[in-house]
Amino acid sequence: MEAAMAGSSSMHWQAEEAWQAYLRQQRSRIGWAQYLRCRPMALLGKAGADDGNRVVMPASALDRINSVLVEYPLMFRVQNAATLEATNCGMLEFGAEEGFVYVPALTMARLGLEEDDLVLMTSTSLPKATSVKLRPHTMDFLGAKDLKQLLEFNVRLNTPCVTVGDTIAVAEGGRRYLLDVVEAKPADAVSTLETDCEVDFATPLDYVQPPAPVPAKVAAAPCQDCAHGGERRFVGVGMRMDGKPVEQTPAPAAGSSGKGKSSSEHVLRFFGGRGSVAVPPPGPKMAKKKVDGKEDKEAKWFTGQKYTL
C-alpha cells in the first residue's frame, strides 16, 4: 500500500514538473511546446505514412514555430501526458485540424496512446547518428536482397530520427519488416538525416537455437584374448612356475565353440617367464626308459602333476 502511494506521489510530482516546464516554455522565445489531442495517422489515408515516425500538426503550430527560435530540420519530442512516456518524431506536414496531431500507429503503441489522448509536443534537437543496432522481429528480414539499400530508402523516406525502445518499419514490395531499436550512438535519441551511420543487427526475435549435436558413441576396443571371433585362446587354469597364485580370467560365454583352433592355440605363456613352452597335443603316456638299469634322467625332469590343454 505504501509503495503504491509512493509511486502515485512520484507520478504526480513528475506531471507537475512537466506542466511547469510547459508554462516556462510558453513565456520563452526559444523553442516551442503545445498540448494536443492525438489521432491515428491511418485516418488521413496517406500511403506509407503509418510506417514511419513523422507527424501531422495544425497550421497554428507552424505560426507559433515561426515566431520562436528552433533548429531545423524540425524534430519533436512526443510525450504521453498521463504516463509521461516519451519518444521523438519528425514532421510530415501542417494540415491537421486545430488542436489535434496525427501520430503513426507504431509511435502510439510505443507510448501507450489511444485516440484523443492528450500529448505534449515539444521542439527538440538531436545529434546525428553514428551507430545504430536493430533487432528484426523475424529471420526472413536477413534474407532480403540488399539490406543496405532497403534501410537507406525507408529511413530517408519515413524515419528522420530513432530512439532506443522504438520499433520502426521497412517495406520491400509487398513485405513489411519490423525492427526494434536496441542501441544508438552517440545518444539514446539520434537524427538519421544526412549522416553516415553504421548499422548492426541483433539476433531476430523468432530465432530458435538449434539442438546440440548428440556425441557419437565410441566402441570399446576388443579384448586381446578375444581376437579370434570373440573366443578366448585359453580356457584352462593358469599356473605360475614359482607357485604363486594366478589371477583368474572369466570363463568364456556359453555356447562358444572350440572348433577350428590353430596350432598357436596350444602355446602356453608362463607369467614371469621369458618365452613360451610348446605343449604337445594330448596322446598316450610315454613309457619310462631305463639306461643300464637306471631310469632315464630325462624322465625325472618333470615329476609333478601333468596338465593338458
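Residues numbered from 1 in each chain as written. Predicted model: local features only at pLDDT ≥ 70, side-chain atom pairs only at ≥ 80, totals over all residues. Heavy atoms only, no water.

- The protein chain goes by Ubiquitin fusion degradation protein in an unreviewed UniProt entry, where it is assigned to Triticum aestivum.
- You can read under Sequence similarities (unreviewed entry) in the UniProt record for the protein chain the words "Belongs to the UFD1 family." (UniProt positions renumbered as here; feature names shortened; annotations may be inferred.)

1. A word on the pairing of strand S3 (residues 75–80)
Now for step 1: Among the six residues of S3, five are classified as buried, and the element is accordingly described as predominantly covered.
Now for step 2: By the bridge criterion, five bridges tie S3 to strand S4 (residues 86–96) in an arrangement that is antiparallel. Looking at S4, one finds that Met 75 is bridged to Gly 90.
Now for step 3: Count of turn residues in the S3/S4 antiparallel hairpin: five residues, of which Leu 84 carries a positive phi of about 70 degrees. (Buried < 20%, exposed > 50% of the residue type's maximum accessible area, 1.4 Å probe, protein only. Helix = DSSP H or I, 4+ residues; strand = E, 2+ residues; numbered from the N terminus. Pairing = 2+ DSSP bridges.)

2. Here's the deal with the packing of aromatic side chains
Now for step 1: Counted under the stated rule, the structure contains three aromatic pairs.
Now for step 2: For the ring pair Trp 32 and Phe 76, a centre distance of 5.6 Å and an interplane angle of 80 degrees mean the geometry is edge-to-face. With Trp 32 in the loop between helix H1 (2–27) and strand S1 (33–40) and Phe 76 in strand S3, this residue pair connects regions lying 44 residues apart in the sequence. Across the pair, Phe 76 and Trp 32 agree in class, each one buried.
Now for step 3: Relative to Tyr 177, the ring of Phe 141 lies with its centre 5.4 Å away and its plane at 70 degrees, an arrangement referred to as edge-to-face. Taken as a pair, Phe 141 in the loop between strand S7 (131–136) and helix H4 (147–158) and Tyr 177 in strand S10 (residues 175–185) lie far apart in primary sequence, 36 residues in all.
Now for step 4: Among the aromatic residues, those joined into a cluster by ring pairs are Phe 141, Tyr 177 and Phe 201. (Phe/Tyr/Trp six-rings, centres within 6.5 Å; stacked < 30°, edge-to-face > 60°.)

3. Looking at the pattern of salt bridges
Now for step 1: Following the criterion strictly, the structure yields nine salt bridges and no others.
Now for step 2: Here Glu 183 ties to Lys 185 by a salt bridge, and the two come within 3.9 Å at their closest N and O atoms.
Now for step 3: Under the relative-accessibility criterion, Glu 183 is labelled partly exposed at 34%.
Now for step 4: What makes Lys 185 partly exposed here is its relative accessible area of 43%.
Now for step 5: Connected through salt bridges with shared partners, the residues Arg 39, Glu 97 and Asp 116 form a single ionic network. (Salt bridge = Lys/Arg side-chain N within 4 Å of Asp/Glu carboxyl O.)

4. Notes on H4
Now for step 1: The end-to-end C-alpha distance of H4 is 16 Å, a good match for the 16 Å that twelve residues give at a rise of 1.5 Å each.
Now for step 2: Where H4 is concerned, the buried positions are Leu 147, Leu 150, Leu 151, Asn 154, Val 155 and Asn 158. Along the axis of H4, the buried positions cluster into a sector of 110 degrees, meaning they face one direction only. Away from the buried face of H4 by more than 90 degrees, exposed residues Lys 148, Gln 149 and Arg 156 are located. (Expected span 1.5 Å × (residues − 1). Arc of directions from axis to C-beta.)

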